[in-house]
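Read off the chains here:
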Amino acid sequence: MTFYFSDTAVLLFDFWNVHSPTGMALSVLVILLLAVLYEALKMGKAVLLRRALLALPRSLSQEALTEPQEGDGDPAQGRWFWFHVGQTLFHVVQVVLGYMVMLAVMSYNAWIFLGAIVGSTLGYFMVYPLLGRG
């Protein structure tokens, strides 16, 4: 298979059937936005990881690693758990978006491919500076 430039394609689902230049332009825009969102989620997950690491106790002694006794509620462990849950949800959404963009590119339509590349580039360019602020 080779890449081709065309204004017709079937993307991801049977109902996403493109038959016109306007439809292709809108489809490229959607793929571009999905790629930008993918990059934003990737950076969001990195920020959440940093916050989760800061929520861990400074000392990793054996006492800090064991489960707390009743009445010894350590808020840091509870925060770490919720950061981990958030990271897991970010990861699932990131994987789904990544596969959707990948499968759209596998239509071998060059316009869709260029939309994914430009979206990934723009997403990284726009979101990466926010990583230092997190």
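As annotated in an unreviewed UniProt entry, the protein carries the name Copper transport protein and comes from Chloebia gouldiae. You can read under Sequence similarities (unreviewed entry) in the UniProt record for the protein the words "Belongs to the copper transporter (Ctr) (TC 1.A.56) family. SLC31A subfamily."

A.B. asks: In this structure, what is going on with the overall build of the protein? I would like to understand it.
C.D. replies: Along the protein, the regular secondary structure elements total four helices and two strands. Each helix and strand of the protein, placed in order from N terminus to C terminus, yields the pattern β-β-α-α-α-α. Out of the 134 residues in the protein, the part that is buried amounts to 28%. Counting contacts in the protein only where the partners sit at least 6 residues apart, residues at least 24 apart contribute 74% of the total.

A.B. asks: Just to check I follow, could you spell out the pattern of salt bridges for this structure?
C.D. replies: Note on pairing: side chains with opposite charge can pair once their charged atoms come close. What the rule picks out here adds up to one salt bridge. Measuring nitrogen to oxygen at the nearest pair gives 3.1 Å for the salt bridge that ties K42 to E39. Taken together, the residues span about one helical turn, with K42 and E39 both in helix α1 (residues 21-55) at a distance of three residues.

A.B. asks: Help me understand the packing of α1 against helix α4 (residues 110-131), please; the structure alone is not making it clear to me.
C.D. replies: Any two packed helices are characterised by how steeply their axes cross, that is the angle between the axes, and by the distance between the axes. Two elements in contact, α1 and α4, have axes separated by 7 Å at closest approach and are oriented at 30°. With respect to their mutual orientation, α1 and α4 come out roughly parallel. For α1 against α4, the interelement crossing comes out right-handed. Considered class by class, the residues forming the contact of α1 with α4 number 20 nonpolar, five polar and two charged.

A.B. asks: I'm lost on a nonpolar patch on the surface in this one. Help?
C.D. replies: Residues F3, F5, W111, F113, L114 and I117 make up a contiguous nonpolar surface patch of about 590 Å² in total accessible area. Relative to the helices and strands, F5 resides in the segment before β1 (9-10).

A.B. asks: Would you mind going over α4 with me for this structure?
C.D. replies: Helical geometry note: an α-helix holds 3.6 residues per turn, so side chains three or four residues apart project in the same direction. Taking 1.5 Å per residue as the helical rise, α4 with its 22 residues ought to reach 32 Å, and the 31 Å between its terminal C-alpha atoms agrees with that figure. Residues A110, I112, G115, A116, G119, G123, V127 and L131 constitute the buried set of α4. The N-cap residue of α4 is N109: its side-chain oxygen and the backbone nitrogen of W111 are 2.9 Å apart.

A.B. asks: Any chance you could explain the UniProt feature "transmembrane region" (unreviewed entry) in the protein here in plain terms?
C.D. replies: On the UniProt side, "transmembrane region" (unreviewed entry) is annotated at positions that read residues 20-41, 88-105 and 111-131 here. Helix and strand shares over residues 88-105 are 100% and 0% respectively, and the end C-alpha atoms of the span are 26 Å apart. The span residues 111-131 is 100% helical and 0% strand by assignment, and the distance between its end C-alpha atoms comes to 30 Å.

A.B. asks: How should the nonpolar core be read in this particular structure?
C.D. replies: Within soluble globular proteins, side chains that are nonpolar tend to cluster in buried spots. By size, the foremost hydrophobic cluster in this structure holds 15 residues, and its most contacted members are L11, M24, I31 and I112. Contributions of two or more residues to this core are made by α1, α3 (75-105) and α4. Looking at which element gives the most residues to this core, the answer is α1, with five residues. Here M24 is in contact with S6, D7, T8, A9, V18, N109, W111 and I112, once residues within four sequence places are set aside.

A.B. asks: So what exactly am I meant to see when it comes to the packing of aromatic side chains here?
C.D. replies: When we look at a pair of aromatic rings, we describe it by the centre distance and by the angle of the planes. Per the counting criterion, the structure on display carries six aromatic pairs. Ring centres of F5 and W111 lie 4.7 Å apart, and the angle between their planes is 70°; on these two criteria the pair is classed as edge-to-face. Residue F5 is located in the segment before β1, and its partner W111 is located in helix α4; the two are separated by 106 residues in the primary sequence. For F5, a relative accessible area of 57% translates into the label exposed. Taking 5.1 Å as the distance between ring centres and 75° as the angle between the ring planes, the aromatic pair formed by F81 and W82 counts as edge-to-face. Among the aromatic residues, ring-to-ring pairing joins F3, Y108 and F113 into one connected group.

Reading the values: the criteria
Residues numbered from 1 in each chain as written. Predicted model: local features only at pLDDT ≥ 70, side-chain atom pairs only at ≥ 80, totals over all residues. Heavy atoms only, no water. UniProt positions renumbered as here; feature names shortened; annotations may be inferred. Helix = DSSP H or I, 4+ residues; strand = E, 2+ residues; numbered from the N terminus. Buried < 20%, exposed > 50% of the residue type's maximum accessible area, 1.4 Å probe, protein only. Contact = heavy atoms within 4.5 Å. Salt bridge = Lys/Arg side-chain N within 4 Å of Asp/Glu carboxyl O. Axes fitted to C-alpha atoms, helices over the stretch in contact; angles between N-to-C directions. Parallel < 35°, antiparallel > 145°, perpendicular 65-115°, else oblique. Left-handed = near helix turned anticlockwise from the far one by under 90°. Nonpolar A, V, L, I, M, F, W, Y, C, P; charged D, E, K, R; others polar. Patch = residues over 30% accessible without salt bridge, like charges linked within 9 Å, V, L, I, M, F, W, Y side chains within 5 Å. Areas by Shrake-Rupley, 256 points an atom, 1.4 Å probe, with all protein chains shown as cover. Expected span 1.5 Å × (residues − 1). Polar contact = N/O pair within 3.5 Å; in protein donor to acceptor, adjacent residues only side chain to side chain. Core = buried A, V, L, I, M, F, W, Y, C linked by side-chain atoms within 4.5 Å. Phe/Tyr/Trp six-rings, centres within 6.5 Å; stacked < 30°, edge-to-face > 60°.

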